[in-house]
Amino acid sequence: PHKLGTYTRSSPSPPSIESLSTMAACAPASLSLAGARAAYAAPRSRATFGRRAAVARSSSSRRTGSGAVMVRAGKTPDGPRVAIAGITGAVGQEFIRVLVERNFPYSEMKMLASARSAGKEVEFDGETYVIEELTAESFDGVDIALFSAGGSISKTFGPIAAEKGCFVVDNSSAFRMTEGVPLVIPEVNPEAMADFKLGKKKGGIIANPNCSTIIALMAVTPLHRAVGVKRMIASTYQAASGAGAMAMAELEQQTKEVLAGEPVTMDIFPFQYAFNLFSHNAPMTENGYNEEEMKMVKETQKIWDCNTVEIAATCIRVPVMRAHAESINLTFETELDENDARELLSKAAGLTIIDDRANNRFPTPLDATNMDNVYVGRIRQDISQPGKTGLEIFVCGDQIKKGAALNAVQIAELLL
């Protein structure tokens, strides 16, 4: 486990394969997304999300099945003062669920959004908060701010917050490739933000990687560390949640309309989304790749601190609510047997293996929905490459959770 002063971090114990089919729960995506709340199944028991007793700084912790340690603190007088920018969005709502799940230590909590949402109420950790309009003064006295309000908002208010001594964990792409801004997956490269600590450094910005990058590197990094990845080819199958709560709502609405034989509503995407798939809606670049695909290339190289690894991606939007899937083909510097790869992955933090060839049972987006871990399977030698220098894997991860909110909260834990 990574020690965080008096705190430590981790994700919950992975479920058994036998229990996975009953655990495809989907938490609500936004304050107004009532229909999509039931898109898969009922949320987990309220006991999971309910307020736990507050404890002092000598917070208790528990060791999970993966051997890591989860923060146990909750509201405490000497905890950091926290703000959430973009509270009404899908990721903003997931922030508050993850903070409660992990009993993140805080003394004060501030909910921020646009002027349109100011005055509305949001429930967090057993208390009711009034949403405030996001302004330059919002970060006075704030220690940690979780941002998921879009790139333009981050570019405007992130530096202001950092200048005021606040640590900004930004979920947008605004600062990911900025020199001096750590781009962090806590299980992969926590050392990148080693100098970013409350009490040690006065403010700063830490970037949350793209969701597809996070999900891919959770599975690929243990293999890269063992034998070196020379080349990675990724094909992604990305959920509606990556485009926001309104895209999730439109997918649900279109599904109902198609089944009823009615014309489909297309307000978010220029294509029918229900019962269809299409190239990712990110803008195209001059080289023929879209921005989402290039994010995977550039972010992987920065996170691994390795500009020589060759990467290409094809990103596709599929009619799934909130969990991404990725097919990944790897070429290694040296040979790696598939059984050794499976062993490496089985020991990696934040991964769960579903790789049952006999029963044709492998990861699905529903397995990963609302779960902390990334799921990996279809682990097999690439028969098109010489010897054992190639490997194929298939991964699934919750886009809103590990692909966004959970990773950001884990970064915040590293600040403690």
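These numbers were taken from a predicted model, which means no experiment stands behind them.

A. A look at helix H5 (residues 245-259). End to end, H5 covers 22 Å across 15 residues, agreeing with the expected 21 Å (1.5 Å per residue, within 8%). Considering only its buried residues, H5 is in contact with helix H2 (90-101). Among the residues trailing H5, Gly 261 stands out with phi positive, at a value near 75 degrees.

B. Broad picture of the packing of helix H4 (residues 211-227) against helix H6 (residues 291-304). At a closest axis distance of 10 Å, the pairing of H4 and H6 adopts a crossing angle of 40 degrees. Relative to H6, the element H4 lies oblique. Between H4 and H6 the crossing geometry is right-handed. In this structure, H4 contributes Cys 211, Ser 212, Thr 213, Ala 216, Leu 217, Val 220, Thr 221 and His 224 to the contact, and H6 contributes Glu 292, Lys 295, Met 296, Glu 299, Thr 300, Ile 303 and Trp 304. Considering only residue class, the contact of H4 with H6 consists of 7 nonpolar, 5 polar and 3 charged.

C. Expanded view of the sheet that holds strand E9 (residues 132-133). Pairing is parallel across the open sheet formed by 6 strands, whose spatial order is E9-E6-E5-E10-E11-E12. Looking at strand neighbours, the two that pair on one side only are E9 and strand E12 (204-207), the edges of this open sheet. Sheet analysis places strand E5 (residues 81-85) next to strand E10 (residues 144-147), joined by 4 bridges and oriented parallel. Within the sheet, the bridge partner assigned to Ala 85 lies in E10 and is Phe 147.

D. View of helix H3 (residues 151-163). Between its terminal C-alpha atoms H3 stretches 18 Å, which fits the 18 Å expected from 13 residues at 1.5 Å a residue. The sharpest bend along H3 measures roughly 35 degrees and falls at Phe 157, with the proline Pro 159 sitting one to four residues further on. Ser 154, Phe 157, Gly 158, Ala 161 and Ala 162 are the residues of H3 that are buried. Where H3 is buried, its residues contact E10, strand E11 (167-170) and E12. Where H3 terminates, the next one or two residues include Gly 165, which has phi positive at roughly 95 degrees.

E. Expanded view of the environment of Val 229. With respect to the helices and strands, the residue Val 229 is situated in strand E13 (residues 229-238). A relative accessible area of 3% places Val 229 in the buried class. In this structure the C-alpha to C-alpha distance between Val 229 and Glu 333, which are 104 residues apart in sequence, comes to 6.0 Å. Those residues within four positions of Val 229 in sequence are excluded, and the remaining contacts are Val 220, His 224, Trp 304, Val 309, Leu 330, Thr 331 and Phe 332.

F. Layout of the layout of surface pockets. Estimated volume of the largest pocket: approximately 1200 Å³. Together, 49 residues line the largest pocket, and Ser 148, Ala 149, Gly 150, Ala 243 and Gly 244 are the ones closest to its centre. For the lining of the largest pocket, the residue count by class is 19 nonpolar, 23 polar and 7 charged.

G. Looking closely at empty space enclosed by the protein. On inspection of all chains with the given rule, the structure shows 1 cavity of 30 Å³ or more. In this structure, the largest cavity spans a volume of roughly 30 Å³. In terms of lining, the largest cavity is formed by Gly 74, Leu 99, Val 100, Asn 103, Phe 104, Tyr 106, Phe 124 and Asp 125. The residue makeup of the lining of the largest cavity, split by class, is 5 nonpolar, 2 polar and 1 charged.

H. The arrangement of unusual backbone geometry in detail. Within the chain, Asp 305 stands out as a residue other than glycine whose phi angle is a positive 55 degrees. The topology assignment puts Asp 305 in the loop between H6 and strand E15 (310-317). Despite not being glycine, Arg 378 shows a phi value in the positive range, around 50 degrees. Mapping Arg 378 onto the fold places it in strand E18 (residues 374-381). Residue Arg 378 is classed as partly exposed on the basis of its relative accessible area, which comes to 33%.

I. Representation of the confidence of the model for the chain within the structure. On average, the chain scores 85 in pLDDT, and the residues at 70 or more come to 82%. Per-residue pLDDT stays below 50 along residues 1-72; that stretch engages in 179 contacts with residues further than four places along the chain or on separate chains.

J. The arrangement of the state of the cysteines in detail. Applying the stated criterion to the full structure yields 0 disulfides. Looking at the unpaired Cys 211, the closest cysteine sulfur is the one in Cys 315, lying at 8.8 Å. Of the residues examined, Cys 211 reaches a relative accessible area of 9% and is grouped as buried.

So, how was this worked out
- In this numbering scheme, every chain counts its residues from 1 along its sequence in written order.
- Only residues with pLDDT of at least 70 get local features here, since the model is predicted, and only at 80 or more are side-chain atom pairs given and counted; chain-wide, interface and lining totals rely on the full set of residues.
- The basis for the side-chain values is all heavy atoms of the structure; hydrogens and waters are excluded.
- Here a strand is any run of E in DSSP of at least two residues, a helix any run of H or I of at least four, and the numbering for each starts at the N terminus.
- Multiplying 1.5 Å by the helix residue count minus one yields the expected span of that helix.
- The criterion used for residue contact is that any of the two residues' heavy atoms lie within 4.5 Å.
- Note on definitions: angles span 0 to 180 degrees between N-to-C directions of axes, and those axes are lines fitted to C-alpha atoms, for helices only across the stretch in contact.
- The labels follow the angle: roughly parallel below 35 degrees, roughly antiparallel above 145, roughly perpendicular from 65 to 115, and oblique for the rest.
- If you view the pair so one helix is near and one far, a crossing is left-handed when the near helix is turned anticlockwise from the far one by less than a right angle, and right-handed when it is turned clockwise.
- When residues are sorted by character, Ala, Val, Leu, Ile, Met, Phe, Trp, Tyr, Cys and Pro go into the nonpolar class, Asp, Glu, Lys and Arg into the charged class, and all the rest, Gly among them, into the polar class.
- At least two DSSP bridges between two strands are required for those strands to pair.
- The seven residues ending at a residue and the seven starting there each receive a fitted axis; the angle between those axes is the bend at that residue.
- Summary of the burial criterion: residues with accessible area below 20% of their type's maximum are buried, those above 50% are exposed, and those between are partly exposed, where the area comes from a 1.4 Å probe applied to protein chains only.
- Grid points spaced at 1 Å and placed over the protein atoms alone form the basis of the search, with a cavity being a set where a 1.4 Å probe fits but cannot get out and a pocket an open set showing protein on both sides within 12 Å along at least five of seven lines. Lining residues have an atom within 4 Å of a point.
- Grid points are joined across faces, edges and corners, and a volume is the space filled by probe spheres set on the points.
- For every residue, the predictor assigns a confidence score, pLDDT, that lies between 0 and 100.
- In plain terms, two cysteine sulfur atoms within 2.5 Å form what is called a disulfide here.

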